[in-house]
Amino acid sequence: MTDLCNSNLLISIDHALDNIYSSLSVIDGDEIVSLHTALGRVLSENCIAPFNLPAYPNSSMDGYAFNSTDIQASDFNLQQVGVSWAGRPFDGMLASGQCVRIFTGAVLPKGADSVIMQELVQVHDHTIHFPDNTQAKQNVRYIGEDVKQHGNLLPAAKQLTAIDLGWLASAGIYEVRVKRKIRIAFFSTGDELRPVGSHLTEGQIYDSNRYTLAALLKKPGHEVNDLGVIADDKAQIQQSLLQAAQSNDVIITSGGASVGDADYIKQILDEIGQVNFWKLAIKPGKPLAFGCIQNCYFFGLPGNPISVIATYQQIVTPALRHLTGLTNNQPIRLKATCKSPLFKKPGRQEFQRGILTQTSPGEFEVTSSGKQGSNIISASSRANCYIVLAREQANVNSGEQVLVEPFNLLL
Ligand code: AMP
Ligand code: MG
């Protein structure tokens, strides 16, 4: 672990993520929440089906329920003896030669095992004419075919989606036990930073990273504390970190993580905590300190706005997902034909910003979204993907295949 923070060594993202996964323990603690507020939360226990789903055999069509033993070699007639409505079952028992009018979702009457679509029959008063080649056991939803009583509806560590919430509601479950929220504090560092809305003098800039981070952190499983801007003052940063570590699981900072005379983050982390790694072989985002202060994990992101987003997405996102117990944290990457030449020096893995389009189903093209400096926000604002270039890759010619990672910064 110590060689990971050797100041000359740039470590790969894979190496960094391995280190993160082995250092972070999934948070302890859970809470019960109602389905109304459960979207995106992570189950802390299995959800068991309290009854069979479906709870009773029912029809998947509007038509006629009958018993397949009544099917003849050619067309035949059955007598309609009643109706089974959704919510109002037919309470009799079908005898041979009988059928029941039935609607979608209605209980299949006792004695019936099949439903024929209404479009396939002819109706003369209560005599229903079934065609030649009528099929047995069609259009029936069987008891427990989705999940059996006491079966596992959803597993622990599942992040709840819209479909899951409806699934739980269909089983009558209106509250669930989920992982507690992760408490995350974040602040910006830099003497040049001023809050939006204030007047700038020469050399000052607005603190934009805090808006980016606040938006990226807005997730159902996060409880976020915005600690503002802290000047490039070692004592103040140290004090803020120590205080934030008391009541948060994670601290994220931006700025001051590099090697300048006013960059204190790595030095402070060395003194009051533990540095697991510091410099990554990625662009943007080389200076990134990861470690811990007491029981609190710490991510010191670089200050440049695009480095913040890239390191957040590549490093912090999988780390926070891992903390909540999620395991499928690999981004989806696909191959695309690069339609613009890309400038790249070997040495660091690059996450260039690109515009991905689908030219026909399954066929993708990508172009660079513009200037790639880590301070250039315009090109990232236009982008909808990273073009992921391997560490030893050099320039890319137009027409070459590249790997892309689509992103949606609204999510
Ligand atoms: P640093 O990592 O502190 O050396 O900062 C690198 C660059 O990012 C400098 O140009 C900073 O002015 C800029 N920067 C740092 N923090 C912020 C911030 N919160 N918002 C916008 N730009 C920032
Ligand atoms: Mg700075």
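So, how was this worked out
Residues numbered from 1 in each chain as written. Chains lettered and ligands numbered in written order. Predicted model: local features only at pLDDT ≥ 70, side-chain atom pairs only at ≥ 80, totals over all residues. Heavy atoms only, no water. Helix = DSSP H or I, 4+ residues; strand = E, 2+ residues; numbered from the N terminus. Rg over C-alpha atoms; globule rule 2.2 N^0.38 Å. Buried < 20%, exposed > 50% of the residue type's maximum accessible area, 1.4 Å probe, protein only. Pairing = 2+ DSSP bridges. Arc of directions from axis to C-beta. Contact = heavy atoms within 4.5 Å. Near = heavy atom within 4 Å. Polar contact = N/O pair within 3.5 Å; in protein donor to acceptor, adjacent residues only side chain to side chain. Areas by Shrake-Rupley, 256 points an atom, 1.4 Å probe, with all protein chains shown as cover. 1 Å grid on protein atoms, 1.4 Å probe; cavity = no way out; pocket = protein on both sides within 12 Å on 5 of 7 lines; lining within 4 Å. Sits in = over half its atoms within 2 Å of the grid points. Nonpolar A, V, L, I, M, F, W, Y, C, P; charged D, E, K, R; others polar.

As for the overall build of the chain
Here is step 1 of the chain: Of regular secondary structure, the chain possesses seven helices and 26 strands.
Here is step 2 of the chain: Relative to a compact globule of 411 residues, whose C-alpha radius of gyration would be 22 Å, the chain shows 30 Å and is clearly more extended.
Here is step 3 of the chain: Seen along its three principal axes, the alpha-carbon backbone of the chain occupies a region of about 95 × 50 × 45 Å.
Here is step 4 of the chain: Buried positions account for 45% of the 411 residues belonging to the chain.

Here we look at the pairing of strand 9 (residues 127-130)
Here is step 1 of the chain: Alternating residues of strand 9 divide into I128 and F130, all buried, and T127 and H129, none buried.
Here is step 2 of the chain: As paired elements, strand 5 (residues 76-84) and strand 9 share four bridges and run antiparallel to each other. Within the sheet, the bridge partner assigned to Q79 lies in strand 9 and is T127.
Here is step 3 of the chain: Hairpin connection, strand 8 (residues 122-124) to strand 9: the antiparallel pair is bridged by two residues, and D125 has positive phi, about 50°.

A look at helix 5 (residues 265-272)
Here is step 1 of the chain: Within helix 5, the full set of buried residues consists of I265, K266, I268, L269 and I272. Buried residues along helix 5 cover an arc of 165° about the axis, so they all sit on one side.
Here is step 2 of the chain: Buried residues along helix 5 sit in contact with strand 13 (182-189), helix 4 (234-247), strand 17 (250-254), strand 18 (274-279), strand 20 (287-293) and strand 21 (296-301).

Some words on the site of ligand 1
Here is step 1 of the chain: Taken together, the neighbourhood of ligand 1 is formed by 14 residues, with E192, D207, N209, G256 and G303 sitting nearest.
Here is step 2 of the chain: Residue S188 places a side-chain N or O atom 3.5 Å away from a nitrogen atom belonging to ligand 1.
Here is step 3 of the chain: A distance of 2.7 Å separates a nitrogen atom of ligand 1 from a polar side-chain atom of D207.
Here is step 4 of the chain: In isolation ligand 1 has 490 Å² of accessible area, and contact with the protein removes 77% of it.
Here is step 5 of the chain: Cavity membership is defined here by more than half of the atoms lying within 2 Å of grid points; on that basis ligand 1 lies in the second largest pocket.
Here is step 6 of the chain: Residues that form the shell around ligand 1 fall into these classes: three nonpolar, eight polar and three charged.

Let's talk about helix 3 (residues 209-217)
Here is step 1 of the chain: All buried positions along helix 3 are accounted for by N209, R210, L213, L216 and L217. Buried residues of helix 3, viewed axially, fall in a sector of 130°; they line one side. The exposed residues of helix 3 that point more than 90 degrees off its buried face are Y211 and A215.
Here is step 2 of the chain: Its buried side turned inward, helix 3 meets strand 13, strand 16 (222-230), strand 17, strand 21 and helix 6 (305-323).

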